[in-house]
Amino acid sequence: MSEPNSQKAFPVSWEQFHRDARALTWRLTAGERKYKAIVCITRGGLVPALIVARELNIRLIDTICIASYHDYKEQGAAHLMKGLAPELAELAADGGSEILLVDDLVDTGKTARMVRDMLPKAHFATVYAKPMGRPLVDTYVTEVSQDTWIYFPWDLGLSFQPPIVS
C-alpha cells in the first residue's frame, strides 16, 4: 500500500507505543492460555515483542523475518527471509498452540497469512490493525482505517512542527 497525500497520518510516539504494547499484554492475560515462546515478525514486531516478553516473563523469543515493505512506502510481495529456529521445532509441531506471535501492525494481511500458514494454532497479537488484516489476528489494541499510514517512533526523528494556522 502506498502512502499518497490523501492518506491519513497517525504518528505514534515512543510513550504511546509503550502504553499500547502494555495494553496488548493486558488483553493477552485475560485468557487462560499460557505461552512458552514469543515469535516476533521482524522488523516491526521486535519492539512490541520486547515489551510483551518482559510483562509476561517469557524468555524464549525468536523471529520470523518477512519483508513486504521494501522502500518504507510501497508494500510488495511478502518474502520469507528467516523461518523459525530449530529450537522451536517441538513447540511448532502441533501448529504452535503455545506460541505467541507478535507484530506491530497487521495491514493487508499478506505477512499475517504467511505466518498463519507456518503456525496456524499460534495466538497472533498486534498492537494496531487495519480492516483487511484484522480477521487474521486474535488480539489487537487499536484499529485504524485502511487508508491510515502509521508513523512508528523508530521511523521518526525530532523536528520542528509548524503551527496548523500560520
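So, how was this worked out
- Residues numbered from 1 in each chain as written.
- Predicted model: local features only at pLDDT ≥ 70, side-chain atom pairs only at ≥ 80, totals over all residues.
- Heavy atoms only, no water.
- Helix = DSSP H or I, 4+ residues; strand = E, 2+ residues; numbered from the N terminus.
- Expected span 1.5 Å × (residues − 1).
- Buried < 20%, exposed > 50% of the residue type's maximum accessible area, 1.4 Å probe, protein only.
- Arc of directions from axis to C-beta.
- Contact = heavy atoms within 4.5 Å.
- Core = buried A, V, L, I, M, F, W, Y, C linked by side-chain atoms within 4.5 Å.
- Salt bridge = Lys/Arg side-chain N within 4 Å of Asp/Glu carboxyl O.
- 1 Å grid on protein atoms, 1.4 Å probe; cavity = no way out; pocket = protein on both sides within 12 Å on 5 of 7 lines; lining within 4 Å.
- Points joined across faces, edges and corners; volume = space filled by probe spheres on them.
- Nonpolar A, V, L, I, M, F, W, Y, C, P; charged D, E, K, R; others polar.
- Phe/Tyr/Trp six-rings, centres within 6.5 Å; stacked < 30°, edge-to-face > 60°.

A. Here's a closer look at helix α1 (residues 14-29). Spanning 16 residues, α1 covers 23 Å between terminal C-alpha atoms, matching the ideal 22 Å at 1.5 Å per step. All of the buried residues in α1 are Phe17, Asp20, Ala21, Leu24, Thr25 and Leu28. Considered in projection along α1, the buried side chains sweep an arc of 145° and stay on one side of the axis. Those residues of α1 that are exposed and angled more than 90 degrees off the buried face are Glu15 and Trp26. Tucked into the core, α1 has its buried residues touching α2 (46-56), β5 (99-106), β6 (123-129) and β7 (139-143).

B. Highlighting the nonpolar core. Formed by 21 residues in total, the largest nonpolar core has its most connected members in Leu24, Leu28, Ile38, Leu100, Tyr128 and Ile150. Of all the secondary-structure elements, those providing two or more residues to this core are α1, β2 (37-42), α2, β5 and β6. Ignoring any residue separated from it by four or fewer positions in sequence, one finds Tyr128 in contact with Phe10, Val12, Phe17, Asp20, Asp104, Leu105, Val106, Thr142, Ile150 and Phe152. In terms of nonpolar packing, the next biggest core, distinct from the first, is built from 19 residues, Ala37, Ile99, Leu101 and Ala122 among them.

C. Structural view of the pattern of salt bridges. Using the criterion set out here, one finds eight salt bridges in the structure. Two residues, Lys8 and Asp147, come together in a salt bridge whose shortest N-O distance is 3.0 Å. Placement of the pair is Lys8 in strand β1 (residues 8-11) and Asp147 in the loop between β7 and β8 (148-151), with a sequence separation of 139 residues. Given a relative accessible area of 30%, Asp147 falls into the partly exposed group.

D. Up close: the layout of surface pockets. Roughly 220 Å³ of internal volume is contained in the second largest pocket. Lining the second largest pocket, in full, are Pro11, Val12, Ser13, Trp14, Pro153, Leu156, Gly157, Leu158, Ser159 and Gln161. Among the residues forming the lining of the second largest pocket, the class breakdown is six nonpolar, four polar and no charged.

E. Quick look at the packing of aromatic side chains. Overall, the coordinates contain seven aromatic pairs when judged by the stated rule. Centroid distance Phe10 to Tyr128: 5.8 Å. Interplanar angle 90°. Geometry classified as edge-to-face. Of the two residues, Phe10 sits in strand β1 while Tyr128 sits in strand β6, which places them 118 residues apart along the sequence. Under the relative-accessibility criterion, Tyr128 is labelled buried at 0%. One aromatic cluster in this structure is built from Phe10, Trp14, Phe17, Tyr128, Phe152 and Trp154.

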